[in-house]
Amino acid sequence: MAQDNDREMPDAAAGAEAEEATVEEPAAPIHEKQRLRLLPGSSDTAASFAFDREDHTLGNALRYMIMKNPDVEFCGYSIPHPSEPVMNIRIQTWDDVSVFEVLRKGLNDLAELCDVVEDKFTTARDEFNDKNPDRISKR
């Protein structure tokens, strides 16, 4: 049984290009749940953070980048339970160095490192493809 706003759509001719679909913007912005939380019992020089939907991939890399900072006394991460998508990280700093600034610097340094790795990979891949045109996959 057809409804009033239903309409018949003809089949596309062979070789016809598909039209791009237009997506309407939602009336109100959709807010994603905050993925970083400060855990209770924190101070300016010692704090624990919980990252929702993160695991060892971010935890170990971020811990490494933060530990390279000479103002950091301790940094460690844990996954409280394998079935929960949460990664906790604990940062302790020397003297009056803010753990919040240390975390921000660690995240920025990690993002910069990822950019360098991506650039080097892209350059090496392009050089390989230029030297070996017969090995380029045709998609």
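Before reading further, recall that the structure is shown in the block above.
Residues numbered from 1 in each chain as written. Predicted model: local features only at pLDDT ≥ 70, side-chain atom pairs only at ≥ 80, totals over all residues. Heavy atoms only, no water.

Asker: It is not clear to me how the nonpolar core should be interpreted in this structure. Could you clarify?
Answerer: One recurring pattern in soluble globular proteins is that nonpolar side chains are buried together. Ranked by size, the top nonpolar core spans 16 residues in total, and within it F49, F51, L62, I66, I89, I91 and L103 carry the most contacts. When residues of this core are traced back to their parent elements, those giving at least two are β2 (46–52), α1 (56–67), β3 (72–78), β4 (86–93) and α2 (99–131). Discounting chain neighbours no more than four positions away, the residues touching L62 are F51, I89, L103, G106, L107 and L110. (Core = buried A, V, L, I, M, F, W, Y, C linked by side-chain atoms within 4.5 Å. Buried < 20%, exposed > 50% of the residue type's maximum accessible area, 1.4 Å probe, protein only. Helix = DSSP H or I, 4+ residues; strand = E, 2+ residues; numbered from the N terminus. Contact = heavy atoms within 4.5 Å.)

Asker: Help me understand the pairing of β4, please; the structure alone is not making it clear to me.
Answerer: Each regular strand displays side chains that alternate between the two surfaces of the sheet. The buried fraction of β4 is high, at 6 of 8 residues. Relative to β4, β2 runs antiparallel, the two being bridged by 7 bridges. Its bridge partner lying in β4, S48 is registered against R90. (Pairing = 2+ DSSP bridges.)

Asker: What am I meant to see in unusual backbone geometry here?
Answerer: Where the residue is not glycine, phi is negative for most of them; where a peptide bond is considered, it is trans in most cases. The backbone of R53 shows a phi angle near 60°, a positive value even though the residue is not glycine. With respect to the helices, strands and loops of the structure, R53 is situated in the loop between β2 and α1. A positive phi angle, close to 50°, is found at D95, a residue other than glycine. Judged by relative accessible area, D95 falls into the exposed class, the value being 68%.

Asker: Mind showing me how you'd approach the packing of aromatic side chains here?
Answerer: Aromatic rings in a pair are described by how distant their centres are and how their planes are angled relative to each other. Counting across every chain of the model gives 1 aromatic pair. Between the aromatic rings of F49 and F100, the centroid separation amounts to 5.9 Å while the plane-to-plane angle is 85°, which identifies the pairing as edge-to-face. Placement of the pair is F49 in strand β2 and F100 in helix α2, with a sequence separation of 51 residues. F49 gets classed as buried once you look at its relative accessible area, which sits at 3%. (Phe/Tyr/Trp six-rings, centres within 6.5 Å; stacked < 30°, edge-to-face > 60°.)

Asker: Would you mind showing me how to read α1 here?
Answerer: Side chains three or four residues apart in an α-helix point the same way, a direct result of the helix having 3.6 residues per turn. For α1, built from 12 residues, the straight-helix expectation of 16 Å at 1.5 Å per residue is met to within 8% by its first-to-last C-alpha distance of 16 Å. Buried within α1 are the following residues: L58, G59, L62, M65 and I66. With its buried residues spanning 140° around the axis, α1 presents them on a single face. Those residues of α1 that are buried lie in contact with β2, β3, β4 and α2. Two or three places before T57, at the opening of α1, D55 has a side-chain oxygen 3.0 Å from that residue's backbone nitrogen. (Expected span 1.5 Å × (residues − 1). Arc of directions from axis to C-beta. Polar contact = N/O pair within 3.5 Å; in protein donor to acceptor, adjacent residues only side chain to side chain.)

Asker: Is there a simple way to think about the environment of L58 in this case?
Answerer: Following the sequence through the fold, L58 ends up in helix α1. Considered as a pair, L58 and L110 are 52 residues apart in the sequence and their alpha carbons are 9.3 Å apart. Not counting residues within four places of it along the chain, the set of residues in contact with L58 comprises F51, M87 and L110.

Read these as geometric descriptors, not functional statements.
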